[in-house]
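The primary structure of each chain is shown beneath.
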Amino acid sequence: MHVSVRPFWLPKAGHSKEEYEDELSHRRKAKLRKEALHFAIADGATESSFSNVWARLLVKSNSRAPLNRNNVQQRIKELGKRWEQRTAKPLPWYAERKRQQGSFAAFLGLSLEEKGTWSAFAVGDSCLFQVRNDSLMTCFPIERSDQFRSQQLLISSIHWKNEKIWERLSDFEKSGSWQPGDVFFMMTDALAQWFLSRCEEGGTPWKGNLFTYGDLPLFSTDIESMRASGEIRNDDVTLLIITIHRP
Amino acid sequence: MYTAEISRRNPGCFLFLIDQSYSMSEPFGGGSFGMSKSQAMADAINRLLDTLVARCAKGEGVMRYFQVGVIGYGNTVGPALGGSLKDRELVWIDEIADNPLRVEERRKKESDGAGGLVEVSVMFPVWFDPVADNGTPMCQALWLAHTILENWVAQHPKSFPPVVINITDGESTDGDPYPASAAIRELETEDGNVLLLNLHLSSCRAPQVFFPDSESGLAEQDKYAPLLFNMSSHLPAFMRSAARDLGYTVSDTARGFVFNAEIQDAIQFLDIGTRAANMR
């Protein structure tokens, strides 16, 4: 089964590419064979320091082997140590103090298996949407646009700060089945909130131009005008569109 | 209104007006707190500046989200930060971060993770030292704030409007401060009028009043309290919400005024007044 992937990303307005704090991992084109395909996005928290380093570590690690409820505690412990090593450097007092508070990120991983199933692991407010025959089949982990809050549970680079996540790991996992023709959308919170709002109004946002573009500049122009008109919040935007083609 | 993002493109501005008159050398409300009001307020302002720096620290630097000014009024009226920030009316938050007067080591108790407390040493940066001398030229301070902010709003028409926090323990000694306060509140950006909040510090054992919505009963407490109430802006929704989160009863028409505050109330008031609704 052929799978194609279209990635889109844009830093928040007023920020440079270097300051973009989301991260994504994917393969452009792939065939679903015995080995599952893994995709991930992560959204580093604006309020913490070195969030881009943390977001990158999370998605790169997931691309080697997916994070799930069984391995996440051990994996985060190891990744936290690597974040610590990568960010340890001589810093001014305020930067070092902030670094010691750790980094935080929302994370969403998706695995597609050849046998027609998928599984996802998500902490925070990055969202997965599954569309089949123009119907929205799945919203995960957030199901309503009013559930986006500024205080989300996020994965911290400091292991003990994740206690609340470890307490309810089963809430962060979901699985389902796919059919040829299905499209999966993985997106960070600002765009996901807009997407869900449109769905709640009876719309089919996935049919709009934004999700049919093949290249980044057109996508970026649309996002910029949506930000300017206040339709979406000014935040880093990351989107992966994964299409499972019919044979 | 009061929804503009605070970012480097659209920075915010906080201006603190600090009463440095002689009476600030007296202890809080009847001496229930050992430290003088001026020392306690200097600590509170230093803690607040530290919090703002921490909020804006990102990676290896500090993002220019805010400009900050501290104006003292007592023996003289003017910028009150010291060292390399001396004589500057407004400074960027990264300049604050890089230029404390000194960094003191203080002790504080923290949980030891096993149900007990352990004393640890913490860094306490100091930008502002206490001063308490002479009268209370509040009008002059308010007009200086007006001049500073008139320029600021002209330069930042799209920004979240500046927040002015006036901290005093008494009456103005250079006339009626109301006209100057009204002129400040009339300044505006496209996102709303400048917010003027007044923090009256406790000088006696009188009932405290938090974020009132009318001046009724205030005159019986202190003849100057109704004036400070009327000088204060209505709290915007996000500040009302922040005050409610901290346990205060706040109506939808509450003003940014606290009468007879003790030090812990003063710290919370500063926290509410400097919350950034929409930092990006």
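Residues numbered from 1 in each chain as written. Chains lettered and ligands numbered in written order. Predicted model: local features only at pLDDT ≥ 70, side-chain atom pairs only at ≥ 80, totals over all residues. Heavy atoms only, no water.

1. As for the overall build of chain B
Next up, step 1: Of regular secondary structure, chain B possesses eight helices and 14 strands.
Next up, step 2: Since a compact globule built from 280 residues should have a radius of gyration of about 19 Å, the 18 Å found for chain B is in line with a globular shape.
Next up, step 3: Buried residues in chain B amount to 55% of all 280 residues.
Next up, step 4: Across chain B, contacts joining residues at least 24 apart in sequence account for 76% of those joining residues at least 6 apart.
Next up, step 5: A total accessible area of about 11,300 Å² is found for chain B, and carbon and sulfur atoms account for 47% of it. (Helix = DSSP H or I, 4+ residues; strand = E, 2+ residues; numbered from the N terminus. Rg over C-alpha atoms; globule rule 2.2 N^0.38 Å. Buried < 20%, exposed > 50% of the residue type's maximum accessible area, 1.4 Å probe, protein only. Contact = heavy atoms within 4.5 Å. Areas by Shrake-Rupley, 256 points an atom, 1.4 Å probe, with all protein chains shown as cover.)

2. Some remarks on the interface of chain B and chain A
Quite often, the size of an interface is put as the accessible area lost when its parts meet.
Next up, step 1: Of the residues lining the interface, 22 residues belong to chain B; the matching set on chain A comes to 24 residues.
Next up, step 2: Summing the contributions of chain B and of chain A, the shared interface buries around 1,800 Å²; its carbon and sulfur component is 48%.
Next up, step 3: Of the charged contacts in the structure, one is a salt bridge between K89 of chain A and E60 of chain B, with a shortest N-O distance of 2.8 Å.
Next up, step 4: At the boundary of chain B and chain A, one finds 14 residue pairs in polar contact (both at pLDDT 80 or more).
Next up, step 5: Breaking the side of chain B that touches chain A down by element, the ones donating at least two residues are α1 (37-56), β2 (57-58), β3 (61-62), α2 (93-98) and β8 (117-126) of chain B.
Next up, step 6: For the side of chain B that touches chain A, the leading source of residues is α1 of chain B, giving four residues.
Next up, step 7: In terms of residue class, the side of chain B that touches chain A is built from eleven nonpolar, two polar and nine charged. (Buried area = accessible area lost by both parts, 1.4 Å probe. Salt bridge = Lys/Arg side-chain N within 4 Å of Asp/Glu carboxyl O. Polar contact = N/O pair within 3.5 Å; in protein donor to acceptor, adjacent residues only side chain to side chain. Nonpolar A, V, L, I, M, F, W, Y, C, P; charged D, E, K, R; others polar.)

3. Quick notes on helix α7 (residues 237-245) of chain B
Next up, step 1: Turning to α7 of chain B, its buried residues are F238, M239, R240, A242 and A243 of chain B.
Next up, step 2: Looking one or two places after α7 of chain B, you find G247 of chain B, whose phi comes out positive at around 95 degrees.

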